[in-house]
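Structural overview
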Amino acid sequence: MSKRAGVAVAGAVAAIVVWSLVGFWAGLLVLIGVPAAAYLLLDPSQRRRLRGISRNRKQLGR
């Protein structure tokens, strides 16, 4: 299993667990809010680097 597939499976399991414990909307808020907050906590240079990595993946056809 590739690393990306493992992350997708872990995210799906986390979504099921969170939704079953706190409800749909609260779970959705947590699953979207945590990565968004983590992104906003990055320095501008770190955000630029992250965007550059994403852009390079698209150019390579991955």
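Heads up: the structure comes first, above all this text.
Residues numbered from 1 in each chain as written. Predicted model: local features only at pLDDT ≥ 70, side-chain atom pairs only at ≥ 80, totals over all residues. Heavy atoms only, no water.

**A closer look at the overall build of the protein**
When helices and strands are counted, the protein shows 3 helices and 0 strands. Across the protein, helices and strands are ordered from the amino to the carboxyl terminus as α-α-α. In the form shown here, the protein has an accessible surface area of approximately 5400 Å², with 67% of it arising from carbon and sulfur atoms. (Helix = DSSP H or I, 4+ residues; strand = E, 2+ residues; numbered from the N terminus. Areas by Shrake-Rupley, 256 points an atom, 1.4 Å probe, with all protein chains shown as cover.)

**Considerations on helix H2 (residues 24-40)**
Between its terminal C-alpha atoms H2 stretches 24 Å, which fits the 24 Å expected from 17 residues at 1.5 Å a residue. The largest bend in H2 is about 25°, located at Gly33, with the proline Pro35 one to four residues further on. (Expected span 1.5 Å × (residues − 1). Bend = angle between axes of the 7 residues up to and from the residue.)

**A look at the packing of aromatic side chains**
On inspection of all chains with the given rule, the structure shows 2 aromatic pairs. With a centroid separation of 5.2 Å and an interplanar angle of 40°, the aromatic rings of Trp19 and Phe24 are classed as tilted. When the centroid spacing of 4.7 Å and the interplanar angle of 80° are considered together, the rings of Phe24 and Trp25 count as edge-to-face. Exposure remark for Trp25: the relative accessible area of 66% places this residue in the exposed category. Among the aromatic residues, those joined into a cluster by ring pairs are Trp19, Phe24 and Trp25. One cation-aromatic arrangement involves Arg47 over Tyr39; the distance from NZ or CZ to the ring centre is 5.5 Å. (Phe/Tyr/Trp six-rings, centres within 6.5 Å; stacked < 30°, edge-to-face > 60°. Buried < 20%, exposed > 50% of the residue type's maximum accessible area, 1.4 Å probe, protein only. Lys NZ or Arg CZ within 6 Å of the ring centre and 35° of its normal.)

**Points about helix H1 (residues 3-22)**
Between the first and last C-alpha of H1 there are 28 Å, a value that for 20 residues agrees with the 28 Å anticipated at 1.5 Å per step. Positive backbone phi, approximately 100°, marks Gly23, located one or two places after H1.

**Focus on the packing of H1 against H2**
Where H1 contacts H2, the axes come no closer than 7 Å and their chain directions differ by 140°. Our classification of the angle between H1 and H2 gives oblique. Handedness of the crossing formed by H1 with H2: right-handed. Here H1 contributes Ala15, Val18, Trp19 and Val22 to the contact with H2, which in turn contributes Phe24, Ala26, Gly27, Leu28 and Leu31. Class assignment for the residues of the contact of H1 with H2 results in 8 nonpolar, 1 polar and no charged. (Axes fitted to C-alpha atoms, helices over the stretch in contact; angles between N-to-C directions. Parallel < 35°, antiparallel > 145°, perpendicular 65-115°, else oblique. Left-handed = near helix turned anticlockwise from the far one by under 90°. Contact = heavy atoms within 4.5 Å. Nonpolar A, V, L, I, M, F, W, Y, C, P; charged D, E, K, R; others polar.)

**Quick notes on a nonpolar patch on the surface**
A cluster of nonpolar side chains, Met1, Val9, Val13, Val17, Leu21 and Val22, forms an exposed patch at the surface whose accessible area comes to about 640 Å². Here Val22 shows up in helix H1. (Patch = residues over 30% accessible without salt bridge, like charges linked within 9 Å, V, L, I, M, F, W, Y side chains within 5 Å. Salt bridge = Lys/Arg side-chain N within 4 Å of Asp/Glu carboxyl O.)

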